[in-house]
Amino acid sequence: YIKDIASAEALVTVELGMGDGCWATYSADNAQVAVGIVRYYPGAPGDADTTLPPWQLLVFDAASGQQLHEMNPAKLAPAGLNPEPRLYMPEVRYFSNNQIIFAALPWGTEGFPISPAFFWQLGDDSVSAIDRWWRWGIDSLSSTGELVWLEQDESIPVADPGGPTPRMNIVK
């Protein structure tokens, strides 16, 4: 649902079907919504609809709910970019100027995600690998393109954060 917060009125409703999880991100101008969906674990028994890809990144018009674009593992394969055969959640890290940068984060596992990230041009539907954008805790400054992220420096002490988060002790 896309809702008006003040009135709690549902402005747009889109049926996404069954899934294990999803994350939504608005474009910088709020005109579109990108939704990363994990559908099922490959090879998992049960009621999963295996006619759909195991994960998808869908782009919708925020005003109408019309689906505009789709990215999935099969669309990465022709460019030689298909991540290793495990389940990923496509997490949008940048969405502006008809471009999306998304990280393919391991889903249903703990540990430090060293995953691929992809630059998707929505206009021509091209996709390419992009460095650094998979990093944990990443953020960007849109005016300059500068990136900041967290890392661990093995040469200095680090505390155990407990839980499914990696050890970090520096900002780059």
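These remarks concern the structure in this document. Please read these numbers as outputs of a predicted model, since none were measured by experiment. Within any chain, residue numbers begin from 1 and follow the written order of that chain's sequence. Per-residue local features of the predicted model are confined to residues with pLDDT of at least 70, and side-chain atom pairs are confined, for both listing and counting, to 80 or more; whole-chain, interface and lining totals are unaffected and use all residues. The side-chain values count all of the structure's non-hydrogen atoms but skip hydrogen atoms and water molecules.

### Digging into the overall build of the protein
Counting secondary structure elements, the protein contains one helix and 14 strands. Whether a residue is buried, partly exposed or exposed follows from its accessible area with a 1.4 Å probe, protein chains only, as a fraction of its type maximum: under 20%, in between, or over 50%, in that order. Split into buried and exposed, the 172 residues of the protein put 34% on the buried side. Contacts: residue pairs with any heavy atoms within 4.5 Å of one another. Pairs at least 24 apart in sequence give 36% of the contacts found in the protein among residues at least 6 apart. Accessible surface computed for the protein: about 10000 Å², of which carbon and sulfur atoms make up 52%. A helix here means a DSSP run of H or I that spans at least four residues, while a strand means a run of E at least two residues long, and both kinds are numbered starting from the N terminus. Residue-level accessible areas treat just the shown protein chains as cover; the underlying method is Shrake-Rupley with a 1.4 Å probe.

### Description of the environment of Pro116
Mapped onto the elements of the fold, Pro116 is located in the loop between strand E8 (99–106) and strand E9 (117–121). Considering only alpha carbons, one finds Pro116 and Ala103, 13 residues apart in sequence, at a separation of 6.0 Å.

### Comments concerning the pairing of E9
Direction of pairing for E8 relative to E9: antiparallel, over a ladder of five bridges. Bridged to Ala103 within E9 is Ala117. Bridging between E9 and strand E10 (residues 126–129) involves four bridges; their strand directions are antiparallel. Its bridge partner lying in E10, Phe118 is registered against Ala129. Between any two strands, pairing holds if DSSP finds at least two bridges.

### A closer look at the pattern of salt bridges
By definition, a salt bridge exists where a carboxyl oxygen of Asp or Glu is found within 4 Å of a side-chain nitrogen of Lys or Arg. This structure, assessed with the given rule, holds two salt bridges. Note that Lys75 and Asp125 form a salt bridge whose closest N and O atoms lie 2.6 Å from each other. You can see Lys75 sitting in helix H1 (residues 73–76) and its partner Asp125 sitting in the loop between E9 and E10, a full 50 residues away along the chain. As a salt-bridge pair, Glu91 and Arg93 come within 2.4 Å of each other at their nearest N and O atoms.

### Digging into the sheet that holds strand E6 (residues 67–71)
Strands belonging to one sheet form pairs held by backbone hydrogen bonds; the direction of such a pair is parallel or antiparallel. The strand order across the open sheet formed by four strands is E3-E4-E5-E6, and the pairing between neighbours is antiparallel. Two strands bound the open sheet, and with one partner strand each, they are strand E3 (21–26) and E6. Sheet twist, expressed as the mean angle between neighbouring strand axes with direction ignored, is 20°. Relative to E6, strand E5 (residues 55–61) runs antiparallel, the two sharing four bridges. The residue of E6 that forms the bridge with Leu57 is Met71. Each axis is a line fitted through C-alpha atoms, and for a helix only the stretch in contact is used; angles between axes span 0 to 180 degrees, taken between their N-to-C directions.

### With respect to the pairing of E8
Most of E8 sits out of view: eight of its eight residues are buried. Strand direction decides the pairing type here: strand E7 (residues 88–96) and E8, joined by eight bridges, are antiparallel. Across the sheet, Ser96 pairs through a bridge with Gln99, a residue of E8. Between E7 and E8, which pair antiparallel one after the other, the connecting turn spans two residues, and Asn97 there sits at a positive phi close to 55°.

Everything listed here is a matter of geometry and, on its own, says nothing about what the molecule does.
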